[in-house]
Amino acid sequence: MKRYNTILFDLDGTLTDSSPGILNSVKYALTEMGREIPDEKTLGEFLGPPLTDSFTRFCGMTDEEAREAAGLYRKVYMDKSITENSLYEGIVQTLERLKNAGKVLAVATTKPIFLAERIVTHYGIRDFFIDVCGSAPDGSGGDKAGVIRSALKVCGEPDLSQALMIGDRFYDIEGAKTVGIDSVGVLYGYGSRSELENAGATYIVSAAAEIAEFIL
């Protein structure tokens, strides 16, 4: 096992279960735009990827329409992101163990930074992280590889062989591969084992508690 000193965490589906708030906000945006709401399987694909990408890919929107939909989404999500969110079991203990072991931790999410900051602060885990990296308020600059690079920079630009990205969707795994760091796919989030394996996850775990077990 390699020695990993810099650990990056995705937010949605990795640190927190935000699915109720995300899906309800997607439905609101589509309803406001007079669009048909997709089936539950397609809605589930909104969990993880950049928001505008999902609106174009799964709802056939133009880039301009996707930006409008994203604006409507954020209008309601900002008010409900706290109440329709929760920490996954074992996350606090995992973060405590890693922090106490001297690991450098950061959040790397495609969610706008101000929303991510609000969530991790509300749930009492902000102090575990050296920084929270994400997209701009309008959702721009949120491709996963770019966010990972930003997170590594604030972590002091560590040796890439000692950095690790933890996430639940193939975007997290592919972003890590693009940057050149190893990755952990978590099965308790929104992705499947086959998705994570096909994306090339270095490791796969079933529960949050397993993260600290193999890193330490």
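Every residue gets a number counted from 1 within its own chain, in the order that chain's sequence is written. In view of the model being predicted, local features appear only for residues whose pLDDT reaches at least 70, and side-chain atom pairs are presented and counted only at 80 or more, with totals across whole chains, interfaces and linings using the full set of residues. Side-chain metrics in this entry use all non-hydrogen atoms of the structure; hydrogen atoms and water are not considered.

Participant: For this particular structure, what's the right way to read the overall build of the protein?
Facilitator: For the protein, the helix and strand inventory stands at ten helices and eight strands. Over its C-alpha atoms the protein spans a radius of gyration of 16 Å, differing by no more than 12% from the 17 Å that the globule rule assigns to 216 residues. Taking the principal axes of the C-alpha coordinates as reference, the protein spans close to 50 × 35 × 30 Å. Whether a residue is buried, partly exposed or exposed follows from its accessible area with a 1.4 Å probe, protein chains only, as a fraction of its type maximum: under 20%, in between, or over 50%, in that order. Relative to its full complement of 216 residues, the protein shows a buried share of 53%. Using a 1.4 Å probe, accessible areas were evaluated by the Shrake-Rupley method; residue-level cover was limited to the displayed protein chains. For the protein, the exposed surface amounts to about 9,400 Å²; the carbon and sulfur share of it is 47%. With 22 positive and 32 negative side-chain charges, the protein shows a separation of 3 Å between the mean positions of the two kinds. Strands are runs of DSSP state E lasting at least 2 residues, helices are runs of H or I lasting at least 4, and numbering of each runs from the N terminus. Throughout, the radius of gyration refers to the C-alpha atoms, and the reference size of a globule is 2.2 Å times the residue count to the power 0.38. Neither His nor the chain ends contribute to the count of charged residues, in which Lys and Arg are positive and Asp and Glu negative. A charged residue contributes its charge at one atom only: NZ of Lys, CZ of Arg, CG of Asp or CD of Glu.

Participant: In this structure, what is going on with the packing of helix α1 (residues 19-32) against helix α4 (residues 63-80)? I would like to understand it.
Facilitator: If you want to describe how two helices pack, look at the angle between their axes and the distance between the axes. Running from N to C, α1 and α4 point in directions that differ by 130 degrees, and their axes come no closer than 8 Å. In terms of axis orientation, α1 runs oblique to α4. The interaxial crossing formed by α1 with α4 has right-handed handedness. Contact with α1, carried on its side by G21, I22, S25, V26, Y28, A29 and E32, involves A69, L72, Y73, K75, V76 and Y77 of α4 and no other residues of that element. In the scheme used here, Gly and all other residues not listed as nonpolar or charged are polar, with Ala, Val, Leu, Ile, Met, Phe, Trp, Tyr, Cys and Pro taken as nonpolar and Asp, Glu, Lys and Arg as charged. Considered class by class, the residues forming the contact of α1 with α4 number nine nonpolar, two polar and two charged. Axis definition: a line fitted to C-alpha atoms, limited for helices to the stretch in contact. Angles are taken between N-to-C directions and run from 0 to 180 degrees. Angular relationships are summarised with four words: roughly parallel below 35 degrees, roughly antiparallel beyond 145, roughly perpendicular across 65 to 115, and oblique for the angles in between. A crossing counts as left-handed when the near helix is turned anticlockwise from the far one by less than a right angle, and as right-handed when that turn is clockwise. Contact criterion: two residues are considered in contact whenever any of their non-hydrogen atoms come within 4.5 Å of each other.

Participant: Please clarify how the environment of N5 should be interpreted in this entry.
Facilitator: With respect to the helices, strands and loops of the structure, N5 is situated in the segment before β1 (6-9). Overall, N5 belongs to the partly exposed group, its relative accessible area being 22%. Considered as a pair, N5 and A163 are 158 residues apart in the sequence and their alpha carbons are 6.2 Å apart. Here N5 is in contact with K103, V104 and Q162, once residues within four sequence places are set aside.

Participant: Hey, could you run me through the environment of K111 in this one?
Facilitator: One can find K111 in strand β4 (residues 104-112). Separated by 63 residues in sequence, K111 and G48 place their C-alpha atoms 9.0 Å apart. Setting aside residues no more than four positions away along its own chain, K111 makes contact with L11, D12, Y77, A116, I119, G134 and S135.

Participant: What is the right way to look at the layout of surface pockets in this model?
Facilitator: Picture a little ball the size of a water molecule; that probe, rolled over the atoms, points out where space is still empty. In this structure, the largest pocket encloses a volume near 300 Å³. Every definition here rests on a 1 Å grid over the protein atoms only: cavities are sets of points where a 1.4 Å probe fits but cannot get out, pockets are open sets enclosed by protein on both sides within 12 Å along at least five of seven lines, and lining residues have some atom within 4 Å of a point. In terms of lining, the largest pocket is formed by 24 residues, of which the most central are P49, P50, L51, T110 and K111. Residue assignment for the lining of the largest pocket shows that the elements contributing at least two residues are α3 (51-59), α4, β4 and α8 (170-179). Ranked by residue count, the leading element in the lining of the largest pocket is β4, at four residues. Split by residue class, the lining of the largest pocket holds ten nonpolar, seven polar and seven charged. Grid points are joined across faces, edges and corners, and a volume is the space filled by probe spheres set on the points.

Participant: What should I look at first to understand helix α7 (residues 144-154) in this one?
Facilitator: Side chains of residues three or four places apart in an α-helix project in the same direction, reflecting 3.6 residues per turn. By the burial criterion, the buried members of α7 are K144, A145, G146, V147, I148, A151 and L152. Summarising the contacts, the buried residues of α7 are in contact with β1, β4, β5 (132-135), β6 (163-167) and α8. A positive phi of about 95 degrees marks G156, the residue just after α7.

Participant: When you look at the pattern of salt bridges in this model, what are you seeing that I'm missing?
Facilitator: A side chain with one charge may pair with a side chain of the opposite charge, provided their charged atoms come close. For salt bridges, the criterion is a side-chain nitrogen of Lys or Arg within 4 Å of an Asp or Glu carboxyl oxygen. In the structure shown here, the tally under the stated rule is eleven salt bridges. A salt bridge links E40 to K27; the nearest nitrogen and oxygen atoms lie 3.9 Å apart. In this pair, E40 is assigned in helix α2 (residues 40-44) and K27 in helix α1, connecting sequence segments 13 residues apart. Note on E40: relative accessible area 54%, which makes it exposed. R169 is paired through a salt bridge with E195; the nearest N and O atoms lie 2.7 Å apart. With R169 in the loop between β6 and α8 and E195 in helix α9 (residues 193-199), this residue pair connects regions lying 26 residues apart in the sequence.

Participant: Can you help me understand the nonpolar core in this one?
Facilitator: The tendency in soluble globular proteins is for nonpolar side chains to be buried side by side. F9, L15, F55, L95, F129 and I211 are the most contacted members of the largest nonpolar core, which totals 50 residues. Ignoring anything within four residues of it in the chain, the contact list for L15 reads F9, D10, S86, L87, Y88, I91, L95, V107, I125 and F129. Side-chain atoms within 4.5 Å link the members of a nonpolar core, which is a set of buried Ala, Val, Leu, Ile, Met, Phe, Trp, Tyr and Cys residues. Grouped together as the second largest cluster of nonpolar side chains are 15 residues, A106, V147, A163 and I181 included.

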